[in-house]
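# Coordinate analysis (summary)
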Amino acid sequence: MSSKRIPRLGIGGPVGSGKTMLIEQVVPRLSSRGYKAGIVSNDVVSREDAERMRRNLATERGLMSEDLVVGLATGGCPHTAVREDPSMNISVVEDMESKNRDLDLILIESGGDNITTTFSPALADYFIYIIDVSGGDKYPRKRGLGIESCDLLVINKIDIAPYVGADLSVMERDAKAIRGSKPYVFVN
Amino acid sequence: MSIHKPSIEEISMLQLSDSFFPSGMYTTSSGLEALYYSNRKITDTDGLRDLIKVYLEHQIGPADCSALGNSYEHIQRKDLQKLVEVDNTIFSMKLIEEVRNASTRSGTQVLRCVGSFRTDNSILNGYQEAVRDKRASGVYPVALAVSGNALGIPKYKAALMMLYGFSVSMVGAALRLGVLQHFDGQRIIHELKPTISESVEKNIDRALTSMWQFAPDIDLLQIAHERMSSKMFIT
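The rules behind these values
- Think of each chain on its own: its residues are numbered from 1, step by step along the sequence as written.
- Note on labels: chains are lettered from A, ligands numbered from 1, in written order.
- Selection of residues for local features in this predicted model requires a pLDDT of at least 70, selection of side-chain atom pairs for listing and counting requires 80 or more, and totals for whole chains, interfaces and linings are taken over all residues.
- To get the side-chain values, take all heavy atoms of the structure and skip hydrogens and water.
- Working rule for contacts: check all heavy atoms of both residues, and any pair within 4.5 Å makes them a contact.
- Take the accessible area each of two parts loses on contact, using a 1.4 Å probe, and add the two losses: that sum is the buried area.
- The salt bridge criterion pairs a side-chain nitrogen of Lys or Arg with a carboxyl oxygen of Asp or Glu, the two atoms within 4 Å.
- Definition of a polar contact: a pair of N or O atoms within 3.5 Å, with one able to donate and the other able to accept a hydrogen when the atoms are protein atoms, and with sequence-neighbouring residues admitted only if both atoms are side-chain atoms.
- Each helix corresponds to a stretch of at least 4 residues labelled H or I by DSSP, and each strand to a stretch of at least 2 residues labelled E; elements are numbered beginning at the N terminus.
- A pair of aromatic rings is counted whenever rings of Phe, Tyr or Trp (Trp by its six-membered ring) have centres within 6.5 Å, and the orientation is called stacked for planes under 30 degrees apart, edge-to-face for over 60 and tilted otherwise.
- Throughout, exposure labels follow a simple rule: accessible area from a 1.4 Å probe, protein chains only, divided by the maximum for the residue type, with under 20% read as buried, over 50% as exposed, and the rest as partly exposed.
- A fitted line through C-alpha atoms serves as each axis, taken over the contacting stretch for helices, and the angle formed by two N-to-C directions is quoted from 0 to 180°.
- Here is the rule for handedness: rotate from the far helix to the near one, and if that takes an anticlockwise turn smaller than a right angle the crossing is left-handed, while a clockwise turn gives right-handed.
- Polar here means any residue outside two lists: the nonpolar Ala, Val, Leu, Ile, Met, Phe, Trp, Tyr, Cys and Pro, and the charged Asp, Glu, Lys and Arg; Gly therefore counts as polar.

The interface of chain B with chain A comprises 21 residues on the first partner and 21 residues on the second. It is Tyr26, Arg105 and Met232 of chain B that lose the most area in chain B upon contact with chain A, and together they represent 37% of the buried surface on that side. In this structure, Asp95 of chain A engages Arg105 of chain B in a salt bridge whose closest nitrogen and oxygen atoms are separated by 3.1 Å. Joining chain B to chain A, the criterion identifies 11 residue pairs in polar contact (both at pLDDT 80 or more). If you tally residues by element for the side of chain B that touches chain A, the top one is helix 5 (residues 97–117) of chain B, at 5 residues.

Our focus in this paragraph is the packing of aromatic side chains. Residue and element names in this part refer to chain B. A complete count under the given rule lists 4 aromatic pairs over all chains for this structure. When the ring of Tyr36 is compared with that of Tyr37, the centres are 5.0 Å apart and the planes differ by 90°; the resulting orientation is edge-to-face. For Tyr36, a relative accessible area of 21% puts it in the partly exposed group. Taking relative accessible area as the criterion, Tyr37 reaches 55% and is therefore assigned exposed. On the numbers, 5.4 Å between centres and 45° between planes, the contact of Tyr55 with Phe166 is tilted. In this pair, Tyr55 sits in helix 3 (residues 45–76) while Phe166 sits in helix 8 (residues 155–177), placing the two residues 111 residues apart along the sequence.

Following the criterion strictly, the structure yields 23 salt bridges over all chains and no others. For Arg83 of chain A, the salt bridge goes to Glu84 of chain A, with nearest N and O atoms at 2.6 Å. In this structure Glu84 of chain A comes out as partly exposed when scored by relative accessible area, which is 28%. One continuous salt-bridge network, built from bridges that share partners, spans Asp46, Arg49, Asp50, Arg187 and Glu191 of chain B.

All names here are of chain B. In contact at an axis separation of 10 Å, helix 3 and helix 8 are set at 150° when each is read in the N-to-C sense. When you trace helix 3 past helix 8, the crossing you get is right-handed. Counted together, Leu48, Leu51, Ile52, Tyr55, Leu56, Ile60, Asp64, Cys65, Leu68, Gly69, Tyr72 and Glu73 of helix 3 and Lys155, Ala158, Ala159, Met162, Leu163, Phe166, Ser167, Met170, Val171 and Ala174 of helix 8 form the full contact between these two elements. Residues belonging to the contact of helix 3 with helix 8 are distributed by class as follows: 17 nonpolar, 2 polar and 3 charged.

Here it is in structure tokens:
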């Protein structure tokens, strides 16, 4: 029996940067193109994010079954759970894979953490790192492994940049300098 | 002057008991989180030490340590069927779903990690297959026994590792919950050493039919943890 490895995409970023919102925006678009996704949401404190996603994507909109949104508490160690010791995440992901062989993608949302967060390649094939302008335009200049090495850097909440004194041109200049040819995108 | 040359097995013991080893134990509080948010919060370090003693003497010792000891016996005889029986027995004794899930998740990942660099151990491979086929659960004490044996770690040392590791995970959870500071944590670990040693001695050679656990207040605590709407730990 062949076991297809379902692709896994990590979503990392500081608290409040928009990780959950990103997933809630992406999943309906995937669904409209016929792709089926599962979600593992790590949360430092509560299962609120997972339950919110379950409600928004499954219960109310019927885009996925409720058992495809799983919350996982990480003992207050969000970066450990996706990098140094991703064993619990891997276990949950493999459970999901074994019960849902028709999935096209599994999204793993890390708990909110600092700019050094990266995903173990044993857990995620690719990862997106999301920051938002309210952190100031010192990011991405301040670097950090998450910002530097992610497969896609997302800079979020650009509409409030004027109100928080963040210069988007500075952020773009720095993103290019730090990431070279690796992609980044400004979103709202 | 003769110098003791450390054996590979001794270093393997250090590897498996290192908090850096990916077992997922850092995600567990064994119900301590529920106690923290209840009206019976532990307010002093002696209280935490005494609580961990209860776990060691009434749950982890007579149940998990016995399971590990029995597993080693069957591993030595290369009796996979009996090993699976131990797995099924200790699994059935984990009454709380969160605890069962955490134990099997930890166990299967430890097995996979060791299996990734000890690929030629027949009992480890056989047990992994039993877990894949769902004849066995991969519950932590049995998985640790299989993994420890594959690395040449003797039974008593594997039991010490398990009980020490459990104690450290509880102290670690207490640290993150703000119950104590880091020096106090080390003091508690030091004070628990006699209990850990006695628990191993008392339970490592216990027969499978004599395995027991009785800590109803802890069971209730772990049930309460399951029902928490907001939690930092998986147990």
